[in-house]
Amino acid sequence: MVEFGPEFLFGVATASYQIEGAWNEDGKGESIWDRFSHTPGKIVDDSTGDIACDHYHRYEEDIKLLKRLGVDAYRFSISWPRIFPEGRGRVNEKGLDFYRRLIESLRENAIRPVVTLYHWDLPQTLEERGGWGSEETVEAFKEYAHFLFRIFREEVELWITHNEPWVTAFLGHSEGRMAPGKQDFALALRVSKNLLLSHAHAVSIFREEGIRKPIGIALNLAPIYPKTENDADRQAALRFDGCLNRWFLDPLFRGEFPEDMVMWYRRKGFPIPPFSDSESRLLTKSLDFLGINYCTRYVLEHGEDPALEARVARVPGGEYSSMDWEVYPSGMSEIVCRVSVDYSPRAIYITENGYPYPDILLPNGSVVDEERIAYLARHLASLHKAMVLGCPVKGYFVWSIMDNFEWSYGFSKRFGLVYVDYETLQRIPKQSFFWYQNVIRRRGFE
Ligand code: GCO
């Protein structure tokens, strides 16, 4: 029996743009994801988050699903432009009221709210004034965070400033396949620094408010392997580790960017100024916990791309999901142990782990998703190994409670424990919903 004990937090995760819909309702401002998904050619199935799962109108039904599942906590994000339609200044009371009702109802149902302040839906007005490349957005984020800290304080069990700043910076500003769709590596580096600074300043404000709840950040981290032992592949793997993992872990735990990457980027024509002493101090005091979003490992070989000269290689005989991620359960314990040994976080939460699968709604109204159950079980077992070794893991959130808008993949990828019929928006618990319900009830599984 893989046991997690009574204090362990079992949860599920979502994000505002992926489930809420009501994209321009009740005074909400436009986000960069509204703009991106409304731009032809950006989303594989030409869909948008305009309606998504219509959670904005169906949140009471969805909370009943969470209650039925039996989760201890529910991780969701707040849509910045639903609170500040122009990014800062005027408050949209109707938008704030939605989150007041959501958090109140969760707490009435003994479900602990876990709030992500930023899960990629930047107000479009801020993007038009420089976005995350601009210090103005850092200032606006501090105001946004401070406003919500004062409103919700200890009603929120865990506060998370940013979800996956690596995705925001590099997929959004260098690769361009995520909003705002920029392709400028120098800008991506500037964005990564501003995201870290916005996090550190927001946490400093949080501390000044004296809020007696933990605050942290959610990073997408992965074990990195060289394809071969030859030096070119080993160096490529080290650089990819430096870009994906250490570029964020080092500032958050050591107050500075990893020197090897700073030198590499400078040589490639991308100089990045160091943090000031005061910024370093803010950064190294900024985590009560580290959130890790785990989905896969990466095997690297030397590549021709100008920024990193590193390319993700396919593993011969590897098991791959429908999103072309290698299914690599032992990577969960590997990354948790590596982070625990190298950076000594006070606490770790697995803030996302989930499996995309082409689920079929059967004529009898059921959805059989054995592969997803196997994926979750293998990853929970791997996580448990890390805990037995002493890693300070306090919780685990499945991505996601329900099928939802998977960014540039639109609705073509289903991650939910609950099937969403996008014609009717009916929610139908899958077999994995009942499996996870049992894991939570028993605090573990065979
Ligand atoms: C991410 C995001 C989620 C995704 C999920 C599946 O990690 O990319 O946080 O919004 O939908 O992880 O890709």
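Whatever comes next refers back to the structure up there.
Model, not experiment: these values are computed from the prediction. (Residues numbered from 1 in each chain as written. Predicted model: local features only at pLDDT ≥ 70, side-chain atom pairs only at ≥ 80, totals over all residues. Heavy atoms only, no water.)

Participant: Help me understand the pattern of salt bridges in this model?
Facilitator: Should the charged atoms of two oppositely charged side chains come close, the side chains can pair. This model, assessed by the stated rule, comprises 40 salt bridges. Where R177 meets E175, a salt bridge forms, and the shortest distance between an N and an O atom there is 2.8 Å. Its salt-bridge partner being E446, residue R442 comes within 2.7 Å of it at the nearest N-O pair. Look at R442 and you get partly exposed, because its relative accessible area is 35%. Members of the salt-bridge network, linked through shared partners, are D359, D369, R372, D403, R414 and K430. (Salt bridge = Lys/Arg side-chain N within 4 Å of Asp/Glu carboxyl O. Buried < 20%, exposed > 50% of the residue type's maximum accessible area, 1.4 Å probe, protein only.)

Participant: Help me understand the site of the ligand, please; the structure alone is not making it clear to me.
Facilitator: Around the ligand, a shell composed of Q18, H119, W120, N163, E164, W325, E352, W399, E406, W407 and F415 is seen. Take Q18: an N or O atom from its side chain is 2.6 Å from an oxygen atom of the ligand. In the model, an oxygen atom of the ligand is placed 2.6 Å from a nitrogen or oxygen of the E406 side chain. Counted by class, the shell around the ligand contains five nonpolar, three polar and three charged residues. (Near = heavy atom within 4 Å. Polar contact = N/O pair within 3.5 Å; in protein donor to acceptor, adjacent residues only side chain to side chain. Nonpolar A, V, L, I, M, F, W, Y, C, P; charged D, E, K, R; others polar.)

Participant: Explain the sheet that holds strand β3 (residues 73-77) to me, please; I cannot follow it from the model alone.
Facilitator: Note: strands within a sheet are paired through backbone hydrogen bonds, in either parallel or antiparallel orientation. Spatial ordering of the closed barrel is given by β2-β3-β4-β5-β6-β8-β11-β12, a layout of eight strands whose pairing is parallel. Direction aside, the axes of adjacent strands within the sheet are offset by 25 degrees on average. For strand β4 (residues 112-118) and strand β5 (residues 158-163), the ladder comprises four bridges, and the chain directions are parallel. Note on β5: the bridge partner recorded for T116 is I160. Relative to the sheet, helix α7 (residues 135-152) contacts β4, β5 and β6 (215-220), its axis offset from that of β4 by approximately 165 degrees. Here helix α9 (residues 185-208) sits on the sheet and contacts β5 and β6; the angle it forms with β5, its principal contact strand, is near 160 degrees. (Pairing = 2+ DSSP bridges. Helix = DSSP H or I, 4+ residues; strand = E, 2+ residues; numbered from the N terminus. Axes fitted to C-alpha atoms, helices over the stretch in contact; angles between N-to-C directions. Contact = heavy atoms within 4.5 Å.)

Participant: So what exactly am I meant to see when it comes to the packing of α9 against helix α10 (residues 231-254) here?
Facilitator: Relative placement of two packed helices is described by the angle separating their axes and the distance separating the axes. Contact geometry of α9 with α10 gives a least axis separation of 11 Å together with a crossing angle of 35 degrees. Between α9 and α10 lies a crossing whose hand is right-handed. The residues of α10 that touch α9, namely those facing L189, S192, L196 and H199, are W247, F248, P251 and L252. Here the contact of α9 with α10 is composed, by residue class, of six nonpolar, two polar and no charged. (Left-handed = near helix turned anticlockwise from the far one by under 90°.)

Participant: Would you explain the packing of aromatic side chains in this entry?
Facilitator: Ring pairs (aromatic) are described by centroid distance and by the angle formed between their planes. This structure, assessed with the given rule, holds 45 aromatic pairs. Taking 6.2 Å as the distance between ring centres and 25 degrees as the angle between the ring planes, the aromatic pair formed by Y355 and Y357 counts as stacked. Y355 gets classed as buried once you look at its relative accessible area, which sits at 6%. Take Y357: its relative accessible area is 23%, and that puts it in the partly exposed class. One aromatic cluster in this structure is built from Y17, W33, F36, W120, F405, W407, F411 and Y422. Just above the ring of Y225 sits the side chain of R297; from NZ or CZ to the centre is 4.9 Å. If you follow R414 out to its NZ or CZ, it ends over the ring of Y419, 4.0 Å from the centre. (Phe/Tyr/Trp six-rings, centres within 6.5 Å; stacked < 30°, edge-to-face > 60°. Lys NZ or Arg CZ within 6 Å of the ring centre and 35° of its normal.)

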